[in-house]
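Coordinate inspection notes
These are the residues of each chain, in order.
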Amino acid sequence: MGGTGYFDRFGGRYVAEVLRAPLEELEAAFGQAMADPAFIAELDGLRRDFIGRPTPLLRAENASRELGGAQIYIKMEGLAHTGAHKINNAIAQALLAKRMGKTRIIAETGAGQHGLATASACARLGLDCAVYMGEVDVRRQQPNVAAMELYGARVVPVTSGSRTLKDAINEAMRDWAASFQNTHYLIGSALGPAPFPDMVRTFQSVIGLETRDQIAERDLRVEALVACVGGGSNAIGFFSPFIDLPSPRLIGAEAGGIGPGPGENAARMVGSASGDGIIHGYKSRFLTDEDGQVAETRSISAGLDYPGIGPQLAALGESGRIEYTAVRDSEALEALKFFARNEGVIFALESAHAGAAAITLAKSLPKDRAVIVNMSGRGDKDIFITSPVFRPAEWKAFLKAELDRLESGEDIHVFGGHS
Ligand SMILES: *Cc1c(COP(=O)(O)O)cnc(C)c1O
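Described in the following lines is the structure provided in the data block. Note that the structure is a prediction, hence the values are computed from the model and not measured.

Quick notes on the rules
Residues numbered from 1 in each chain as written. Predicted model: local features only at pLDDT ≥ 70, side-chain atom pairs only at ≥ 80, totals over all residues. Heavy atoms only, no water. Pairing = 2+ DSSP bridges. Helix = DSSP H or I, 4+ residues; strand = E, 2+ residues; numbered from the N terminus. Axes fitted to C-alpha atoms, helices over the stretch in contact; angles between N-to-C directions. Contact = heavy atoms within 4.5 Å. 1 Å grid on protein atoms, 1.4 Å probe; cavity = no way out; pocket = protein on both sides within 12 Å on 5 of 7 lines; lining within 4 Å. Points joined across faces, edges and corners; volume = space filled by probe spheres on them. Domains from an automatic or database assignment.

1. Topic: the sheet that holds strand β14 (residues 370-374)
Strand order in the open sheet formed by 6 strands is β3-β4-β14-β9-β10-β13, and the pairing between neighbours is mixed. Whereas interior strands pair on both sides, the edge strands pair on one side only; in this sheet they are β3 (57-59) and β13 (322-328). For this sheet, the mean inter-axis angle between neighbouring strands, taken without regard to orientation, is 25 degrees. With 3 bridges connecting them, β3 and strand β4 (residues 71-75) associate as antiparallel partners. Paired with leucine 57 across the strands is lysine 75, a residue of β4. Each of β3, β4, β9 (222-228) and β14 is contacted by helix α10 (residues 206-218), which is oriented at about 140 degrees to β4, the strand it contacts most.

2. Things to note about the layout of surface pockets
One number sums up the size of the largest pocket: a volume of about 780 Å³. For the largest pocket, the lining is made up of 30 residues, of which Asp137, Arg140, Gln141, Ala302 and Asp305 are closest to its centre. Of all the elements in the fold, those that place two or more residues in the lining of the largest pocket are α6 (135-140), α7 (142-150), α8 (165-179), α14 (349-363) and α15 (383-390). In terms of residue count, the dominant contributor to the lining of the largest pocket is α15 (3 residues). Split by domain, the residues of the lining of the largest pocket number at least three in each of domain 1 (6-49 + 86-193) and domain 2 (52-82 + 198-383).

Such coordinate-based values are descriptive only and should not be taken to indicate function.
Encoded structure:
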């Protein structure tokens, strides 16, 4: 294929005619902003003071000693404001939208992490914010819904289709087609129609650029970089400065779910259940069923539970530059516990997939090599998923007691009693 917006045969801009103009406007504005020192300076200031960058590179010395192989280093993206790498993209796109004269931002969200980052960025920059979220996800992810509303965003429940992430994307696209004059659609991963995959990679590449400096400062012999891959934004940002180099190895961890069977995972590159498709405005590899329809996916981590993958990540997988591996739910949970106990760091469930892949790789390598894992987020947000697994009885008792307390009206005293 080729042409702008393509990565080998993947990518492109498969949208309704009405969205061609806003996408072209966005592409031009993005190019101009990146060439404008004033934009870069403002973005750098937000990265430093709002996000808290640069994020540290932590040597996991206890974990590495226990494994007896390569030295594992953790890129601590989980320390970024709002708890994950998503804010790198959200604040940058919001700043670009403001520069374009847009006053309103819309976004899609699945588990709510991207919605949260977008809501926070909009509050900071004084932009109106509406977040489309499947009704099923709204019900499942109340803590994030509450936080988005606290930031002043409007959460719009989507009742079409399966009422999850893919339907939220469709609704956001529909909104944008009617509102682009004053509205920017802030896509949350390295996918969607061009220029989104390029733009999101550029804004997330701060992760890889910092890592490159941190490698040089410490003179590390890096064998591999490891990242989890949902849509692919943390991975492509982390890998970005290294893609055109022969080393280090770049390893993407997909969600292996509960097994290799259909509907049991979200492994688009490792499994055999995926094929080329055009969905949500771009061409890539998607998990499909026998009828060629987008398949249901399964993963303990909401952020990896998506049937598609960013077009550049698909292309780099086929060319062999990125090696993919599938990590099961149970392995991710083990890795989460391992790093918590050995390093005092709780990985997000998504990131724990990368952690598990890093453990396997480190064991097979000599001690003078380094393996760097991107901890895309921290695990506080997963307490409602991990606690029922690790401490089922205690967690159930806690929830029951909370419900009793609310029903007794005691909370009114707690919140009303400060006057
Ligand atoms: C959303 C999310 C992911 C997956 O998204 P990518 O675009 O693949 O990076 C991974 N980790 C965390 C912590 C997330 O919130």
